[in-house]
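Coordinates in review
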Amino acid sequence: MSEAVQTRPGGRSARVRAAVHRAVEELAGAGPAEALTIPAVAARAGVHPTTVYRRWGSVAQLLADVATSRFSGDVVVPDTGSLAGDLERWMGDVATDLADPDVLALMRAAIGSGPEGGCACTADRHEQLGAIIERERARGGGVPQLERAVDTLLGPLYYRAVFSDRPASGDWARGLVATLLADT
């Protein structure tokens, strides 16, 4: 991933970042991925293109930053008292998030920008899933390996969201939990 850019928490830098992020999200949802260029983002955000180039360097880095910001912390890790309950609620929330057309447009654009963008779209979900599994392990329950959980739960969910025209329903996503836990 690219080096972290030091910014002030407020002021012009924060306003520029917010305007540029909003412009990226709007452009990603409005048209083809080819229309998402740094000059187009800058024009939509009301800043000079050199401001965007200097801060992000490329469309891929910009999309990764926006995706990291958008896909971090928006889904809460539940604590229902059981692994099945935690996973079912979490998968329903993730499926709902992925069904949002704006989220899907940003995700497709970020994934299309290269591996960095794809990682930005899924990193927080991996951490959340790992936290759910570790909490159950601490309770003394049997747990699947994280990689197996990612493959069984997130793989089909993201595949359906990104590559098909059939978004995953919450019920379908929660059904994946039963598949995972049947072998645990």
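Residues numbered from 1 in each chain as written. Predicted model: local features only at pLDDT ≥ 70, side-chain atom pairs only at ≥ 80, totals over all residues. Heavy atoms only, no water.

Scanning the entire structure with this criterion turns up 10 salt bridges. Its salt-bridge partner being Arg135, residue Asp86 comes within 3.2 Å of it at the nearest N-O pair. Taken together, the positions of Asp86 in helix 5 (residues 83-98) and Arg135 in helix 7 (residues 115-139) put the pair 49 residues apart, joining distant regions of the chain. You can call Asp86 buried: its relative accessible area is 0%. Arg135 sits in the partly exposed class, given a relative accessible area of 24%. A salt bridge links Arg137 to Glu134; the nearest nitrogen and oxygen atoms lie 2.3 Å apart. Highlighted residues: Arg137 and Glu134, both in helix 7, separated by three residues, approximately one helical turn. Residue classification places Arg137 among the partly exposed positions, given a relative accessible area of 39%. A network of salt bridges, in which partner residues are shared, links Asp79, Asp86, Arg135, Glu136 and Arg139. (Salt bridge = Lys/Arg side-chain N within 4 Å of Asp/Glu carboxyl O. Helix = DSSP H or I, 4+ residues; strand = E, 2+ residues; numbered from the N terminus. Buried < 20%, exposed > 50% of the residue type's maximum accessible area, 1.4 Å probe, protein only.)

Val20, Val24, Leu129 and Leu157 are the most contacted members of the largest nonpolar core, which has 53 residues in total. In terms of residue count, the dominant contributor to this core is helix 8 (residues 146-163) (eight residues). Excluding its chain neighbours within four sequence positions, the residues that come into contact with Leu129 are Leu87, Trp90, Leu146, Ala149, Val150, Leu153 and Leu154. (Core = buried A, V, L, I, M, F, W, Y, C linked by side-chain atoms within 4.5 Å. Contact = heavy atoms within 4.5 Å.)

The next thing to look at is the packing of aromatic side chains. Summed over all chains, the structure comprises one aromatic pair. Look at Tyr159 and Phe163: their rings are 5.4 Å apart centre to centre, the planes differ by 40°, and that puts the pair in the tilted class. Remark: Phe163 and Tyr159 occur in helix 8; sequence separation between them is four residues, near one turn of the helix. Take Tyr159 and Phe163: they sit in the same class, and that class is exposed. We note Arg160 situated over the ring of Trp172; from NZ or CZ to the ring centre the distance is 4.1 Å. (Phe/Tyr/Trp six-rings, centres within 6.5 Å; stacked < 30°, edge-to-face > 60°. Lys NZ or Arg CZ within 6 Å of the ring centre and 35° of its normal.)

For helix 4 (residues 59-70), which comprises 12 residues, the first-to-last C-alpha distance of 16 Å matches the rise-based estimate of 16 Å (1.5 Å per residue) to within 8%. Every buried residue of helix 4 is accounted for by Leu62, Leu63, Ala64, Val66 and Ala67. (Expected span 1.5 Å × (residues − 1).)

A few words now on the packing of helix 4 against helix 7. Running from N to C, helix 4 and helix 7 point in directions that differ by 5°, and their axes come no closer than 8 Å. Looking at the two axes, helix 4 sits roughly parallel to helix 7. Note on element contacts: helix 7 touches helix 4 through Glu116, Gly117, Ala120 and Cys121, opposite Gln61, Ala64, Ala67 and Thr68. Looking at the contact of helix 4 with helix 7 residue by residue, the classes come out as four nonpolar, three polar and one charged. (Axes fitted to C-alpha atoms, helices over the stretch in contact; angles between N-to-C directions. Parallel < 35°, antiparallel > 145°, perpendicular 65-115°, else oblique. Nonpolar A, V, L, I, M, F, W, Y, C, P; charged D, E, K, R; others polar.)

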